[in-house]
Structures are given as C-alpha cells and as structure tokens.
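Each chain, written out:
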Amino acid sequence: MFLKALGFAGAGAALPLAGPGVARAGVMGSGEASAAAGPAEELVTVLDLSKCIGCGACVEACRESNGHKFPRAEKPFPAMYPPRVKAEDWSEKQQVDDRLTPYNWLFLQNVQVEHAGTVHDLYMPRRCLHCVNPPCANLCPWGAARKEDNGIVRIDDDLCLGGAKCRLACPWHIPQRQTGVGLYLRLLPSLAGNGVMYKCDRCYDKIAAGGQPACVEVCPQSVQTMGPRSEMVALARSLAKDMDGYLYGLEENGGTNTIYVSPVPFEKINAALEKGPGKPHMGPVGDVMRPETALAKALVAAPVAGLVAGAMKIASTIRKERWNREHDND
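A brief look at the structure comes next. Just so you know, these numbers come straight off a predicted model, no measurement behind them. (Residues numbered from 1 in each chain as written. Predicted model: local features only at pLDDT ≥ 70, side-chain atom pairs only at ≥ 80, totals over all residues. Heavy atoms only, no water.)

**A closer look at the environment of glutamate 88**
This is how the line gets drawn: Segments assigned H or I by DSSP are reported as helices when at least four residues long, segments assigned E as strands when at least two residues long, and all are numbered from the N terminus. Burial classification: accessible surface area is computed with a 1.4 Å probe over protein chains only, and a residue below 20% of its type maximum counts as buried, one above 50% as exposed, and the rest as partly exposed. A contact between two residues is defined here by any heavy atoms of the two lying within 4.5 Å. Under the rule applied, a polar contact is a pair of N or O atoms within 3.5 Å (in protein, one hydrogen donor and one hydrogen acceptor; residues adjacent in sequence only if both atoms are side-chain atoms).
For glutamate 88, the location among the structural elements is in the loop between helix H3 (57-66) and strand S2 (107-115). Owing to a relative accessible area of 17%, glutamate 88 belongs among the buried residues under this scheme. Between the C-alpha atom of glutamate 88 and that of glutamine 178, which follows or precedes it by 90 residues, the distance is 5.5 Å. Discounting residues that sit within four places of it in the chain, glutamate 88 has contacts with Arg167, Arg177, Gln178 and Thr179. Only 2.7 Å separates the side chain of glutamate 88 from the side chain of arginine 177, close enough to count as a polar contact.

**Description of the pairing of strand S8 (residues 224-228)**
The criterion, for reference: Two strands make a pair as long as DSSP finds a minimum of two bridges between them.
Here S8 lies mainly inside the structure; four of its five residues are buried. Note that strand S1 (residues 43-48) and S8 share five bridges and pair antiparallel. Following the sheet pairing, leucine 47 is matched in S8 by glutamine 224.

**As for unusual backbone geometry**
The amide bond that connects lysine 75 to the next residue, proline 76, takes the cis arrangement and shows omega of 0°. Here the phi dihedral of histidine 130 falls at roughly 55°; this positive angle occurs in a residue that is not glycine. Its location among the elements puts histidine 130 in the loop between strand S3 (118-126) and helix H4 (135-139).

**Things to note about the environment of aspartate 98**
Here aspartate 98 is to be found in the loop between H3 and S2. For aspartate 98, the contacting residues outside a window of four places in its chain are Phe107 and Lys279.

**Points about the pattern of salt bridges**
Going by this rule: Every case where a carboxyl oxygen of Asp or Glu lies within 4 Å of a side-chain nitrogen of Lys or Arg is listed as a salt bridge.
Per the counting criterion, the structure on display carries 13 salt bridges. Across the pair aspartate 205 and lysine 69 runs a salt bridge, and its minimum N-O distance is 3.1 Å. Remark: lysine 69 occurs in the loop between H3 and S2 and aspartate 205 occurs in helix H6 (residues 204-208); sequence separation between them is 136 residues. Residue classification places aspartate 205 among the partly exposed residues on the basis of a relative accessible area of 28%. Members of the salt-bridge network, linked through shared partners, are Arg146, Glu148, Arg154 and Asp156.

Right, dumping it as structure tokens:
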C-alpha cells in the first residue's frame, strides 16, 4: 500500500492532478461528481483592462479570503550552512500591497500609455497566470507545486521546502518565499530549504465549494470573467475585436489560464511598467517547456519528485494526526 501511494504520487508529479473536491469547469460539485462527469475543460479567467478603475477591491478581497493560508513564521530563523540561500522575511511587512509577497498574492499596477493619439490610463490586476503547461509544477524537485485538472496551479505548503526552483522556472518569477515556516524546519533547517513559496491559488477552496475566486466576486466593474477555456478564449477574442485591442496570456509560455484584453499593445504596457522583484513583466514569453532539455528535466525529475513528495506527504499526515491526538487529550 505504501509503495502504491508513492507510485501514484510519482505519476502525478509530471501530470495535472486533481485532489478531492476539486471542481471542474462547468461541474461545481464534489470530486466524485466531477470524476464521474469525465474530462472537462480547464477554467480560464479573462480580464478586460478597459473596465478596471483601480479601486483595489480585488486586492482586499484576496487578502481577506486567503488570510488563513498565509505563513506564520517562527523566529529566530535557523542559520544556513553554507549561507547560499538568503532568508526572505515578509512577516513584518504584511501590509505591503504594491507587489507580490507571501502575504499579498494579487496587486494592482497602473500605467499611462499613448496609443493611436490617445493616452490610456490603465489599471491591471497582477497575480499568477496559472499556465497551461506550468514549468513551476513540472520542474519542482519535491513535487510540491502541481497543476490540478481544472487548471489551477498550486503549491502545497506541507511539502514545499522553499528552494525557489519554481520562481526560477517561472517566466514571470511569480512565487515568493517566506523563511521560518514549513517542512524544512522539521528536517534539516540549516542545510536544506529556507521556508515555503507562496502565490495565488485561485481560491481553489471557494471554487471546490461551487463559488468563484474572491477577486472575481467582489469586482464592481466586472473586470474578470471565469469559465471553461473554449468559452473564455472566444470571449477574449471577441472583446479584443470589439475594442480593436490586444491579448496577453493566450500564447505566452504556450498559453495560460489567465488572458488579459487591452485597448493598447502589451509591448507599450510592458515598456511603461515598473518591473522588478515581485513586479512581473508583461513582455513576450516563449514556451518554456517546449525545448527538449526542459522536457527531459521534467521527465527525469518527476518520478523522483513524486516518490519524495509521497513520502513527505505521508510523514506530514502522520505528524499532524499524532499532534491532534495528543492535543485532543489535553
């Protein structure tokens, strides 16, 4: 049974996974009901930038809805030997909302762009794009990052060691690390890992319960629309055609499950954007997983990552159950 569990995890590390209760596009029921319905399309979110007024309601809703998932760092942090992995601590800067952090998974960027004789003042919600073929999930050495069958790309904070390979592999360097939290503290805190990586998980729990991401629900301008991929791609193309506009995310990195529609070219937007740590670009991105070298790495790493992930997950579950039993008797 133990080897069977590990084998399942190994196979899943290279392929999209679906956990219990994961909703599929158009089937917002239980995991069992979804499985019975057969394969379904991934969920895509379309963002119409011509509608966004920069009110920030989406940012606040994201924080409120996902606050229980945010890290609770233990201090002082273990010293690393050798000190090749620097500590990243946002625990005292949790209110920062102008970039991505472990405590801020969505932020707004504002640019002024001149196009066709008109100056456009654009506001853009920025978060993980949830790639169709995510390099973060395919190349994670521990199997902590995974893509689910509804298109959501998640990082399992029970398995992540904070090595930041996902951030390195991501074309937009989206995931952010918080030191002093996670599994590494219980393994080799001075020699391996340095925390947990965090990013938008698309309110997977709300979707599994039949709802929508908090940012989609709260927007007063209906900037975002979420639905099955074929419908959302058609919607994005229709919106772009109506405004003589442009798309971002449909082709980038081989396609993402987030598509921006803008009245101005994204080359101009990217040129005007403030970029840097926690502030992703919006420039061209090739398909990271297409080259044979990247795919080979994924195929070689996946079985090993899956075995490690399976063992770590089982060990983590045992520890949690033991802790619960001990505290139930208090």
